[in-house]
Structures are given as structure tokens and as C-alpha cells.
Amino acid sequence: MATEPASSKTLPMQRVSAALSRVCDGALYLAGIGLVAMTALVAYQVFSRFVLNASPSWTETSAIMVMSWFIFLGAAVGVRENFHMGFDVLLYVLPKGSKGALRTISDLVAFAFGIGMVWYGMKLVALTWHSTIPALGLPGGFDYLPLTVGGVLISLFSLERMLLRWAGVDVDKDINLEAVPEMPAVQEA
């Protein structure tokens, strides 16, 4: 039985990673559009309240819903791009070989957290789906869809990072741990 070269083992995972990269880019763009949309909704609310003296009831609820979407999409992008919260101080004091193990633990925690978001988010969606958001006329479950979708993406992205790491792909590059180049001395005039 012949062994396959490492590159042929990682090829399917790299294809999946390329697809997840496009999903991540889409989530990032949607989060950016959501941030702009929320800003516009809040500006319209303020303009309507203080200039027109007629405040629409749907703007505040819509802005909060859009905000929850871009927060959870942005959190998922942060997990994939390794910008999520972590206790990186250990990476500075432990040997370089331990970085992969510590990052895997961090990814496992993010994965478990994402699964919890999916599980409880789906419960909340199911529990509130038959109620109505009064200002929007939408099912109440729409409030919790961002939690569920964000959890799915967080789980996928953290699982991707672990699988790529185990396949030998360097996903742990951290610009904060790279050597800082020498800066030329500044001469006083």
C-alpha cells in the first residue's frame, strides 16, 4: 500500500477552504452593508424624530435586527481570520511548538461555542416563530436567526481551521508574534 503525498491529501480540504473563503468574504460584505444600513436607519430615525416630528415605529426594531446580523456575521469572520478573543499571552512565553496545540484548544472552544449558539438559537427560533414582531409584522423567530446562522459559520470556520492545521497547512500565522524588523535611527536636526 503506497502512501499519498501530503499535497494530494490536503487538496480536497483546500477546495473546501476556498469555498469557505468565499462564504467568509460574503459574510464580511454583508456585515459591512449591515453596518451602513443600521447607520442609515438610525440617522433616519433621528431625522424623523427631531426634524419631521413624526418618528416611524419600525426603524428602531429594524436597526437592532440589522445590528444583530452584522455582529454575528462579523464574529464568524473573526473566528476564521483568527481575530477572535483568546489568551495569546501564553504564546509569548511557551515554546513555538506549543502554538498549534494552544490554537487547537482555542478552536475547539470556539467550535463548542458555535454549536451551542446553533442549538439554543434554533430552540429560540422555534419557540418564538409563531409570535409576531409588532413593528415589522415578521415572525418573532427572525430575531434569533442571526444567532443560529452565526453559530453555524463559527462552527464551520473553527472546524476548518482545525482540519487545515491537522493536514499540515499553516493557519496560525500571527503578525503579533513575528520578529519586528529593526527601525533606522532617527537623526535629530
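Each remark here, short or long, concerns the structure printed above.
Quick notes on the rules
Residues numbered from 1 in each chain as written. Predicted model: local features only at pLDDT ≥ 70, side-chain atom pairs only at ≥ 80, totals over all residues. Heavy atoms only, no water. Helix = DSSP H or I, 4+ residues; strand = E, 2+ residues; numbered from the N terminus. Buried < 20%, exposed > 50% of the residue type's maximum accessible area, 1.4 Å probe, protein only. Contact = heavy atoms within 4.5 Å. Phe/Tyr/Trp six-rings, centres within 6.5 Å; stacked < 30°, edge-to-face > 60°. Lys NZ or Arg CZ within 6 Å of the ring centre and 35° of its normal. Axes fitted to C-alpha atoms, helices over the stretch in contact; angles between N-to-C directions. Parallel < 35°, antiparallel > 145°, perpendicular 65-115°, else oblique. Salt bridge = Lys/Arg side-chain N within 4 Å of Asp/Glu carboxyl O. Core = buried A, V, L, I, M, F, W, Y, C linked by side-chain atoms within 4.5 Å.

### Considering the overall build of the chain
Here is step 1 of the chain: The secondary structure content of the chain amounts to 5 helices and 2 strands.
Here is step 2 of the chain: Of the regular secondary structure in the chain, the N- to C-terminal order runs α-α-α-α-β-β-α.
Here is step 3 of the chain: Out of the 189 residues belonging to the chain, those deemed buried represent 31%.
Here is step 4 of the chain: Contacts spanning at least 24 positions in sequence make up 67% of the contacts within the chain whose residues lie at least 6 apart.

### Brief notes about the packing of aromatic side chains
Here is step 1 of the chain: Here the structure, examined in full by the defined rule, presents 2 aromatic pairs.
Here is step 2 of the chain: Between the NZ or CZ atom of Arg-80 and the centre of the ring of Phe-157, over which it lies, the distance is 5.9 Å.

### A short note on the packing of helix H2 (residues 58-80) against helix H5 (residues 145-166)
Here is step 1 of the chain: The interhelical angle for the contact between H2 and H5, taken along N-to-C directions, is 5 degrees, at an axis separation of 8 Å. What the angle tells us is that H2 and H5 run roughly parallel. Here Ser-68, Trp-69, Phe-72, Leu-73, Ala-75, Ala-76, Val-77, Val-79 and Arg-80 of H2 come into contact with H5, specifically with Leu-145, Pro-146, Leu-147, Val-149, Gly-150, Leu-153, Ile-154, Phe-157, Ser-158, Glu-160 and Arg-161.

### Focus on the pattern of salt bridges
Here is step 1 of the chain: If you walk through the whole model with that rule in mind, you get 4 salt bridges.
Here is step 2 of the chain: Of the charged contacts, one joins Arg-161 and Asp-107 as a salt bridge, the two residues approaching to 3.3 Å between their closest N and O atoms. In this pair, Arg-161 is assigned in helix H5 and Asp-107 in helix H4 (residues 99-128), connecting sequence segments 54 residues apart. Here Arg-161 matches Asp-107 in class, with each residue buried.
Here is step 3 of the chain: Taken together, the salt bridges that share partners define one network made up of Arg-80, Glu-81 and Glu-160.

### Overview of the nonpolar core
Nonpolar side chains in soluble globular proteins tend to end up buried together.
Here is step 1 of the chain: Of all hydrophobic cores here, the largest spans 18 residues; its most connected members are Ala-27, Leu-73, Ala-76, Val-79, Leu-153, Ile-154 and Phe-157.
Here is step 2 of the chain: Of all elements in the fold, only helix H1 (6-52), H2, H4 and H5 reach the threshold of two or more residues within this core.
Here is step 3 of the chain: Not counting residues within four places of it along the chain, the set of residues in contact with Leu-153 comprises Val-23, Ala-27, Leu-73 and Ala-76.

### Quick look at unusual backbone geometry
Here is step 1 of the chain: Of note, the phi angle at Asn-53 is positive, near 55 degrees, even though the residue is not glycine.
Here is step 2 of the chain: Of note, Asn-53 is situated in the loop between H1 and H2.
Here is step 3 of the chain: Classification of Asn-53 as exposed rests on a relative accessible area of 70%.
Here is step 4 of the chain: Backbone geometry at Asn-82 places phi at a positive 65 degrees, although glycine is not the residue there.
Here is step 5 of the chain: Tracing the backbone shows Asn-82 in the loop between H2 and helix H3 (89-93).

Spatial relationships are all this shows, so hold off on functional conclusions.
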